[in-house]
Amino acid sequence: LIKIENEYCQKHSEDADYVYYKIKGYAPLFFRPRAFNETAFCQVVSETFYQKNWHYFQIKETMVQDGDVVVDCGAAEGLFSFAILPRAKHIYAVEPVPLFVSSMRAIFSGIEKITIRSLALSDKAGQI
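All of the points below concern the structure found in this document. (Residues numbered from 1 in each chain as written. Predicted model: local features only at pLDDT ≥ 70, side-chain atom pairs only at ≥ 80, totals over all residues. Heavy atoms only, no water.)

### A word on the nonpolar core
Of all hydrophobic cores here, the largest spans 36 residues; its most connected members are Ile23, Phe41, Phe49, Leu79, Phe82 and Phe108. Contributions of two or more residues to this core are made by α1 (2-8), β2 (18-23), β3 (30-33), α2 (38-49), α3 (79-84), β5 (90-94), α4 (98-107) and β6 (114-117). The residues touching Phe49, leaving out its near neighbours within four places in the chain, are Tyr8, Ile23, Tyr26, Tyr56, Leu79 and Ala83. (Core = buried A, V, L, I, M, F, W, Y, C linked by side-chain atoms within 4.5 Å. Buried < 20%, exposed > 50% of the residue type's maximum accessible area, 1.4 Å probe, protein only. Helix = DSSP H or I, 4+ residues; strand = E, 2+ residues; numbered from the N terminus. Contact = heavy atoms within 4.5 Å.)

Laid out in structure tokens, this is it:
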């Protein structure tokens, strides 16, 4: 996983809250909350960019096209939304975990074509 992560992103810098990464092919930095395990982040990088990963979304049937409106359900740290941002017309990132919501709000600060919602989706109304 670390080899795959290094192929697609490199650590740029870090501070008390985040580790910043330069993602191959993207100008803005992406940042991972320090509390989000680095090994888990490697897995997410693999799922988002490595085409042979079983969880890779950008296959022919689900490829985000220019101008698409996307709902990223369970957006977690926001890497998938980050990756498709240049192509999407608008992204609705839905995530219930406060740590991830907070970091996505920092990552996407000032970007109007993404709406971050701090909630979970279900077939039943309620709280957990």
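### Description of the pairing of strand β1 (residues 9-14)
For a regular strand, side-chain orientation follows a simple rule: the groups alternate between the two sheet faces. In this structure, β1 lies alongside β2, joined through 5 bridges in antiparallel fashion. The residue bridging Ser13 from the neighbouring strand is Tyr20, located in β2. Here β1 folds back onto β2, and the loop between the two strands holds 3 residues. (Pairing = 2+ DSSP bridges.)

Distances and angles like these do not, on their own, reveal function.
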